[in-house]
Amino acid sequence: MPDYSLYPECDYDLGFTTRGCVRNCYFCVVPKKEGKFRIVQHPREFHNPDHKKVMLLDNNVLADKQWFMEITDWFIENNLKVSFNQGLDVRLMDKEITDRLHKLKMFEPWRIAFDTIGVKDAVVRGINLMKESGINVRSKLMCYVYVHDDTQFDNALERCKILKENGVLAYIQLNRDHQFGGLVKTLRRWTQPALFFKVEWEDYLKSRQGKMY
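Residues numbered from 1 in each chain as written. Predicted model: local features only at pLDDT ≥ 70, side-chain atom pairs only at ≥ 80, totals over all residues. Heavy atoms only, no water.

Draft legend 1. Fine view of the sheet that holds strand β8 (residues 141–147). Pairing in this open sheet of 3 strands is parallel, and the strands run β7-β8-β9 from one edge to the other. Both outer strands of the open sheet, β7 (110–113) and β9 (169–174), are each paired with one neighbouring strand and no more. Put simply, the sheet's adjacent strands are angled 30° from each other on average, direction ignored. Of the strand pairs in this sheet, β7 and β8 are connected by 4 bridges, and their pairing is parallel. What sits directly across from tryptophan 110, in β8, is leucine 141. (Pairing = 2+ DSSP bridges. Helix = DSSP H or I, 4+ residues; strand = E, 2+ residues; numbered from the N terminus. Axes fitted to C-alpha atoms, helices over the stretch in contact; angles between N-to-C directions.)

Okay, structure coming up:
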C-alpha cells in the first residue's frame, strides 16, 4: 500500500498488479529490469477506500487474460474508474477484452502502441474490435508511434496515416537518446489533436517549409 498521505492531491490508487512482459522489444528495458511476466498483487491491496479511480502501471496486463478479467470484475463491482497507464497490448485483444473495455469506466484514454509497421494488421484488427464493441476510438483511444531515429521517418509517417484513416489519434513517442531532425519534429507537431484530423500531412508540411529546423 503506497503512503498516499505523502501526496494529498493524488485522488487515485496507484500500483502494479503484474510485473514484466511477454514481449522483448529492442527499445524496451522492461524485460531486463523486471524479468518474466508474473502476477504480483491484487488491486485491493493498494486501494484507498476514499479513492474512486485507479491507475495501473502494469507493462502488459493483457498477457494473462484471466487475470485481466478478474481485476476488471473487481473494478466494476467497486464502481472504480481505471487507467491502464502503460498501455494495452493490441496484439492480445479479442472481442471479450474489448467488450470489457467498453464496460469499464475510464478516466484517461485507452492506450495502444503501433511500434513497427509489421504489426499493422494486429493494430487495425484491434481498433476494429474496439469499434465493434461500441468504443468511440476518436475520443477514447490514443496510439503510441515509436520513432527510434530519423531513418524511421517514412515508416512512422505511414503508421500515422493508417491511424488517421482509422480515426485514432497518433502520439509520436521519440527515442530520448537520439537528436531528431526537422522532419520527425514536424511530424510530431502534426499529430497534435487540433491538427491531426483536420489537416493532411502534405498540406501541413508545405505550411512548415523553412520552419522545420
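Draft legend 2. Structural detail: the packing of helix α6 (residues 153–165) against helix α7 (residues 182–190). For the pair α6 and α7, the least separation of the axes is 10 Å and the interaxial angle reads 10°. Between α6 and α7, the angle is such that the two are roughly parallel. For the pair α6 and α7, the crossing hand works out as left-handed. Listed contacts from α7 to Phe153, Ala156, Leu157, Cys160 and Lys164 of α6 are Leu183, Val184, Leu187 and Trp190. (Parallel < 35°, antiparallel > 145°, perpendicular 65-115°, else oblique. Left-handed = near helix turned anticlockwise from the far one by under 90°. Contact = heavy atoms within 4.5 Å.)

Draft legend 3. Local environment of the sheet that holds strand β6 (residues 105–106). Read from one edge to the other, the open sheet built from 4 strands follows the order β1-β4-β5-β6, with strand pairing classed as parallel. Of all the strands in the sheet, the pair left with one neighbour each is β1 (13–15) and β6.

Draft legend 4. Geometry of the pattern of salt bridges. All told, the structure shown has 11 salt bridges when counted by the stated rule. Of the charged contacts, one joins arginine 19 and glutamate 34 as a salt bridge, the two residues approaching to 3.2 Å between their closest N and O atoms. Linking arginine 19 in strand β2 (residues 18–19) with glutamate 34 in helix α1 (residues 30–34), this pair joins segments that are 15 residues apart in sequence. Assessed through its relative accessible area of 27%, arginine 19 is described here as partly exposed. A network of salt bridges, in which partner residues are shared, links Arg23, Asp89 and Arg91. (Salt bridge = Lys/Arg side-chain N within 4 Å of Asp/Glu carboxyl O. Buried < 20%, exposed > 50% of the residue type's maximum accessible area, 1.4 Å probe, protein only.)

Draft legend 5. Structural context of the side chain of aspartate 13. On the secondary structure map, aspartate 13 appears in strand β1. Comment: no salt bridge for buried aspartate 13; closest opposite-charge side chain is lysine 52, at 10 Å. The residues contacting aspartate 13, other than those within four sequence positions of it, are Tyr4, Phe46, His47, Asn48, His51, Lys53, Val54 and Met55. (Lys, Arg positive; Asp, Glu negative; His and termini not counted.)

Draft legend 6. Representation of the nonpolar core in the model. Counting 52 residues, the largest nonpolar core has Phe75, Phe84, Met93, Leu101, Trp110, Leu163 and Leu187 as the members making the most contacts within it. With residues up to four places along the chain from it excluded, the contact list for leucine 163 reads Phe114, Val123, Ile127, Cys143, Val145, Val168 and Ala170. (Core = buried A, V, L, I, M, F, W, Y, C linked by side-chain atoms within 4.5 Å.)

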